[in-house]
Amino acid sequence: MAAMFEENGPSTHVSHLVSSPSQARQKLEGLLNKNMRIRMTDGRTLVGLFLCTDRDCNVILGSAQEFLKSTDTFSQGEPRVLGLAMIPGHHVVSIEVEADSLEDTQGFGVNH
């Protein structure tokens, strides 16, 4: 399972809203070094460790792998190893955090 964050509004997968900037910062700090899957506007998907973000919603992933959009819905194809990758915030469609990564994170609500 994964928690999903949509760029264009809150997702139904997150059970409560962040009410202050300090709470938002705590949530982001809790996601550091967690595995994330980021879907981009061009159909590519990047998977890697969340290292940082900025005010423009740019995201830095470490040990990133790129998966191209496949015409066959059953196969993702071979990943391309990127290493350190920066994803511009305006290209982010959605971000998913792997549930295994969240088991150690307390206070982060995920609907099943």
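Residues numbered from 1 in each chain as written. Predicted model: local features only at pLDDT ≥ 70, side-chain atom pairs only at ≥ 80, totals over all residues. Heavy atoms only, no water.

With an unreviewed UniProt entry as reference, the protein is termed Sm domain-containing protein, source organism Periophthalmus magnuspinnatus. A UniProt comment under Sequence similarities (unreviewed entry) is attached to the protein, and it reads "Belongs to the snRNP Sm proteins family." (UniProt positions renumbered as here; feature names shortened; annotations may be inferred.)

Summed over all chains, the structure comprises 4 salt bridges. The salt bridge involving R25 is made with E29; its shortest N-O contact spans 3.0 Å. Within this pair, R25 and its partner E29 are both found in helix α1 (residues 21–31), separated by 4 residues, close to a single helical turn. We classify R25 as exposed; its relative accessible area is 57%. In this structure E29 comes out as partly exposed when scored by relative accessible area, which is 41%. The partner of D42 in a salt bridge is R44, and the shortest N-O contact between them spans 2.7 Å. (Salt bridge = Lys/Arg side-chain N within 4 Å of Asp/Glu carboxyl O. Helix = DSSP H or I, 4+ residues; strand = E, 2+ residues; numbered from the N terminus. Buried < 20%, exposed > 50% of the residue type's maximum accessible area, 1.4 Å probe, protein only.)

Per-residue confidence for the protein gives a mean pLDDT of 79, with 67% of residues at or over 70. Segment residues 7–15 is flagged for pLDDT under 50; beyond a separation of four residues in sequence, or across chains, it makes 17 contacts in the model. Of the regions scoring below 50 in pLDDT, residues 107–112 engages in 20 contacts with residues more than four places distant in sequence or in other chains. (pLDDT = per-residue confidence, 0-100. Contact = heavy atoms within 4.5 Å.)

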